[in-house]
Amino acid sequence: MINLLDRARSFAGRKALISNGNSYSYEQLLTASKNVASNLLSGKTDLKEERITFLVPPSFEYTAVQWGIWSAGGIAVPLCVLHPLPSIQYVLEDTQATRIIAHEAFLDFLRPLEKELGITLLSLQQILNDNDTKMPSITSDRRAMILYTSGTTSKPKGVVTTHATIEAQITTLVKAWEWEPDDSILNILPMHHVHGIINVLSCALWSGACCEFLPKFDAEKVWKAIASGRLTLFMAVPTIYYKLISYWEKAPLKDQKILSMAASNLRLMVSGSAALPVPVLEKWRAITKQTLLERYGMTEIGMGLSNSYRGERRPGHVGLPLPGVAMRLVNSKNKPVGENEPGEFQIKGPSVFKEYWQKAEATRKAFTEDGWFITGDIAVLNNGLYKILGRDSVDIIKSGGYKISALEIEDVLRTHEIVEDCAVVGLPDAEWGELVSACIVTKRESVDSMVLTNWLKEQLPAYKIPRKYIFRPELPRNVLGKVTKNELKKLF
């Protein structure tokens, strides 16, 4: 029994989703997902963990397809609607999927793969046709979903979660963030990622709440949804908050007051998937009286830590481990570190993924001998709360014998009046090992880097000050708004 779907039956008459201007009840969602499952089974009694890929925009139909795959005993593999064909081909080949469900808008786009890979292309319309077949019995240890990592250091890996894993990821957030049936949330996040699938959609549907889809971000539409008064929660990535602030700043004064009041009435606003710059948090708080709740998670673990829902939310920190999550901070020898001493996050618990798809060696290397998942993220316990210093591979710069947090330098740079945004990386250097280097998005056309350097000398130790600067109109980012630092390094 899949508890997420089983719980939905108890909410049958409630509004589950708002999609493309239409409202759908939990009962309608269950019926549509059973149609999907029946059409996928097509005479079989169980898909037995067949990988079913699907390219469907965020919507009622997306949810029905995902639930239908689970009901039929398959593994759901959501594809990104913004990815180019080679990226999609990689996932199809890696999962050895034989079927792909596609929205009508993507059928022609995918036809070359149908011929090249011999994959069966199923239209959304045909998979939703009325059908009724007996569903298989699904145990919680079954593989349920494969999500692909961003592949910043190597080819993307398929992160496999079971139904039990997904349930653990959902329930820890429902408990920590006090989800209720009367909650309503706007989903503007990519639906091939744990943030959109688990934190927003699945938490809402587990709770009997309502999830409203906005498939493509539009600052005006988001502010209108907030101003409507129908939302109780909102979750986004830092770049979205930045864009919402920009829209608010350009609005007439009377509209600013209306928007600010409406946002202040939401019970919870969350930021994640990338480090939240402190100036963005402070500006959002000034506008809305909301202190954004920051949390820490990964595709492999769901969410691991969170600032408090009711207690302190300290800027630049990610709080404490969530219910059911075991965490330790260790040095390079896997020995625990003390307070104010940098260490690597390691996570253990029911919310941790099962394996990387068909990558036994990568899976083995991802865990310590005693079963802790090695995150690669460096953090420090600072006055009772954890603060992320960066990812060991891209955010920790090893220069002149020092381990330097790129995120710390970025936080300082963003406080300068001419800096609109920035990213700091380490570039290979024969003398220093790595050279601290900064890419700056400025508020002015011409900037002298020495102005920044002289100012930084008053803010940071000399070894943390960038030796190289480049100035760009924007930073390279992935679909979640996270700066792609390996791409950024090439710009130097």
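Residues numbered from 1 in each chain as written. Predicted model: local features only at pLDDT ≥ 70, side-chain atom pairs only at ≥ 80, totals over all residues. Heavy atoms only, no water.

So, about the overall build of the chain. For the chain, the helix and strand inventory stands at 16 helices and 25 strands. In terms of its C-alpha atoms, the chain occupies a principal-axis envelope of roughly 70 × 60 × 45 Å. Considering the chain as a whole, with its 492 residues, one finds that 57% of them fall into the buried category. As displayed, the chain offers around 21300 Å² of accessible surface, 49% of which is attributable to carbon and sulfur atoms. Across the chain, 58 positive and 53 negative side-chain charges occur, with their mean positions spaced 1 Å apart. (Helix = DSSP H or I, 4+ residues; strand = E, 2+ residues; numbered from the N terminus. Buried < 20%, exposed > 50% of the residue type's maximum accessible area, 1.4 Å probe, protein only. Areas by Shrake-Rupley, 256 points an atom, 1.4 Å probe, with all protein chains shown as cover. Lys, Arg positive; Asp, Glu negative; His and termini not counted. Charge placed at Lys NZ, Arg CZ, Asp CG, Glu CD.)

This brings us to the packing of helix H10 (residues 238-250) against helix H11 (residues 253-264). Running from N to C, H10 and H11 point in directions that differ by 145 degrees, and their axes come no closer than 8 Å. Judged by residue contacts, Tyr247, Trp248 and Glu249 of H10 engage Gln256, Leu259 and Ser260 from H11. (Axes fitted to C-alpha atoms, helices over the stretch in contact; angles between N-to-C directions. Contact = heavy atoms within 4.5 Å.)

Turning our attention to helix H5 (residues 107-117). The complete set of buried residues in H5 reads Leu107, Leu110 and Leu113. Along the axis of H5, the buried residues cluster in a sector spanning 110 degrees; they form a single face. Pointing more than 90 degrees away from the buried face of H5 are the exposed residues Asp108, Lys115 and Glu116. Looking one or two residues beyond H5, the residue adopting positive phi is Gly118, at roughly 70 degrees. (Arc of directions from axis to C-beta.)

With that out of the way, let us pick up the environment of Trp284. Structurally, Trp284 is set in helix H12 (residues 278-288). Overall, the relative accessible area of 0% leaves Trp284 in the buried class. In this structure, the C-alpha to C-alpha distance between Trp284 and Tyr242, residues 42 residues apart in sequence, is 8.5 Å. Filtering out sequence-adjacent residues up to four positions away, Trp284 remains in contact with Trp223, Tyr241, Leu244, Ile245, Met269, Lys289, Gln290 and Leu292.

Moving on, we get to unusual backbone geometry. Unlike most non-glycine residues, Ser42 shows phi in positive territory, near 45 degrees. Structurally, Ser42 can be placed in the loop between helix H2 (26-41) and strand E3 (51-55). One non-glycine residue, Asn383, lies in the positive phi region at around 50 degrees. For Asn383, the position within the fold is in the loop between strand E19 (373-382) and strand E20 (385-391). For Asn383, a relative accessible area of 57% corresponds to the exposed category.

The two faces of strand E10 (residues 210-213) match: Cys210 and Glu212 on one face and Cys211 and Phe213 on the other face are all buried. Here strand E1 (residues 15-19) runs beside E10; their pairing, made up of two bridges, is parallel. Within E10, the position partnered with Ile18 by the bridge is Glu212. One ladder, built from four bridges, connects strand E9 (residues 184-187) with E10; its direction is parallel. The residue bridging Ile185 from the neighbouring strand is Cys211, located in E10. You can see the chain leave E9, run along helix H8 (residues 194-207) and come back into E10, and the turn it takes is right-handed. (Pairing = 2+ DSSP bridges. Right-handed = clockwise from strand over helix to strand, strands pointing away.)

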